[in-house]
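# Coordinates in review
This is what each chain is made of:
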Amino acid sequence: MPTSLSTMTANEIDGTYSRKIAVLGERVLGGGQIDHAEAMSLFELEKHGDIFDLLSWANRVREKFKGNKIHLCSIVNAKAGGCSENCRFCSQSSFYQTDAPKYGFVDPEPVFEAAQEANRQGVTALGLVAAWKGLNEGPMLDEVCDRIREISEGGKVRADASLGIIKKQEVANRLKSAGLECYGHNLESSRRFFPTHCTTHTFEDRLQTIQFLRNAGIKICSGGIIGMGETREDRCDLAFSLREIGANVVPINILNPIPGTPFENNTPLAPLEILKTIACFRLILPRREIMIAGGRTVNLRDMQSMIFLAGASALMVGNYLTTVNQPVEKDLQMLRDLGLDPSWDKHDFSDQEEALSTVVADRSATGCRREFCDETTAGLGRL
Ligand code: SF4
């Protein structure tokens, strides 16, 4: 028999994890870093009370390093569908039968209009995104550079792009000369999980592309997709890879299973698991922009506004490549209600420079597992 049936009796609260989370949170707030084992202990939190403790620390870390500024990005699908790659989450792959649109590289007018609209909504950046394996030298590169130059010289929004794999330094240099400031190239998942979602190119191809971009002086937007069937350790490894490559913006996409793709029947992640993942990324990457992108509306539903409590400092607004987002006005209202500020005169990442040079100069301070650092370093060649 229970000793008491009264619902007024308080259960004893186990504060063990609360204190451990606080130790890690305090360290990050003080400019320190957490190592892989410590980060894994956060990814493995199960109790709601502990997860909410973690969110609260992630929120403090976001406020300390990002203030109340929220960076807004938008994208335009500059070439849709018919992609030669077999990424199993993607509706634009030619390997799968989906309802996603298909068209060739866009003319200047729709890009100009998208830049105008982004500016009207106070969005900082417009990314040109193309569904193809990558970009080589030739007439298509010339055309891409023209579109980038038009956005850049328009002066309304920052010109970004996500154009797949780059195999030559000259291509990255041309993009930089055209005015490209930031290139989106997700690592997508851990090195270990990568072949589960794509076999037509490799994790190393992606690291190599990022190396060319960094050499050219282009900022890196690189993150991944969660909910593909990866483990928590895969998510943790991805976050440490992103710390190692010095990603400036880290988009976290949450799988939106598209009918016709191999992942169409994947079980969705629970909203608290998603928020916990965002919070872990914030503690691993305290100064970077952590941007919540595709899949947030469908997966988080009423809990979308909690991404900022979990440490997000950036938001992809407007529609995604092939799926619909909630209206920009609703996102802007959400930010206002939270007392957050999406207005940037020019978001140039200068708030991250000190942190990035620290990572490059003192790799031992990153605290990641030795073999993991060596793997990533080998993939990058230098850094
Ligand atoms: S994710 Fe990109 S590279 Fe992969 S299939 Fe889709 S468009 Fe192609």
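Summarised in this report is the structure supplied together with it. What you see is a predicted model, and the numbers here were worked out from it, not measured in a lab. Note that residues are indexed from 1 along each chain, following the sequence as it is written. Two thresholds apply to this predicted model, a pLDDT of at least 70 for residue-level local features and 80 or more for giving and counting side-chain atom pairs, whereas whole-chain, interface and lining totals are computed over all residues.

## Describing the overall build of the protein
Secondary structure summary: the protein contains 15 helices and eleven strands in total. Neighbour counting defines burial: a residue surrounded by 20 or more other C-beta atoms within 10 Å of its own C-beta is buried, one with 12 or fewer is exposed, and intermediate counts give partly exposed, using backbone-placed C-beta atoms. Residues counted as buried form 47% of the 383 residues belonging to the protein. What counts as a contact here is a pair of residues whose C-beta atoms, placed from the backbone, lie within 7 Å. The long-range share in the protein, meaning contacts at least 24 apart out of those at least 6 apart in sequence, stands at 79%. The numbering of helices and of strands both runs from the N terminus, where a helix is a DSSP run of H or I of at least 4 residues and a strand a run of E of at least 2.

## Thoughts on the packing of helix α1 (residues 16-29) against helix α3 (residues 48-66)
Each packed pair of helices is defined by two parameters, the angle between the axes and the distance between the axes. Interaxial angle, 0 to 180 degrees, is taken between N-to-C directions of lines fitted to C-alpha atoms, where a helix line uses only the stretch in contact. Contact geometry for α1 and α3: axes closest at 10 Å, N-to-C directions at 10 degrees. By the criterion of interaxial angle, the relationship of α1 to α3 is roughly parallel. On α3, the residues that touch Y17, S18, I21, G25, V28 and L29 of α1 are D50, D53, L54, W57, R60, V61 and K64. Gly falls in the polar group here, along with every residue not listed as nonpolar (Ala, Val, Leu, Ile, Met, Phe, Trp, Tyr, Cys, Pro) or charged (Asp, Glu, Lys, Arg). Classifying every residue of the contact of α1 with α3 gives seven nonpolar, two polar and four charged. Roughly parallel means an angle under 35 degrees; roughly antiparallel means over 145; roughly perpendicular covers 65 to 115; every other angle is labelled oblique.

## Observations regarding the site of the ligand
Around the ligand lies a shell formed by C83, E85, C87, C90, Q92, S93, A131 and G164. Looking at the shell around the ligand residue by residue, the classes come out as four nonpolar, three polar and one charged. Each residue gets a C-beta atom placed from its backbone. If that atom is within 6 Å of a molecule or strand, the residue is near it.

## Describing the nonpolar core
We call a set of buried Ala, Val, Leu, Ile, Met, Phe, Trp, Tyr and Cys residues a nonpolar core when their C-beta atoms link them within 7 Å. Counting residues in each nonpolar core, the largest one holds 105 residues, and the members touching the most others are I148, A239, I278, L283 and M291. Considering every element that reaches this core, the biggest residue donor is helix α10 (residues 271-284), with eight residues. The residues touching I148, leaving out its near neighbours within four places in the chain, are L128, A159, A161, L175, A178, G179 and L180.

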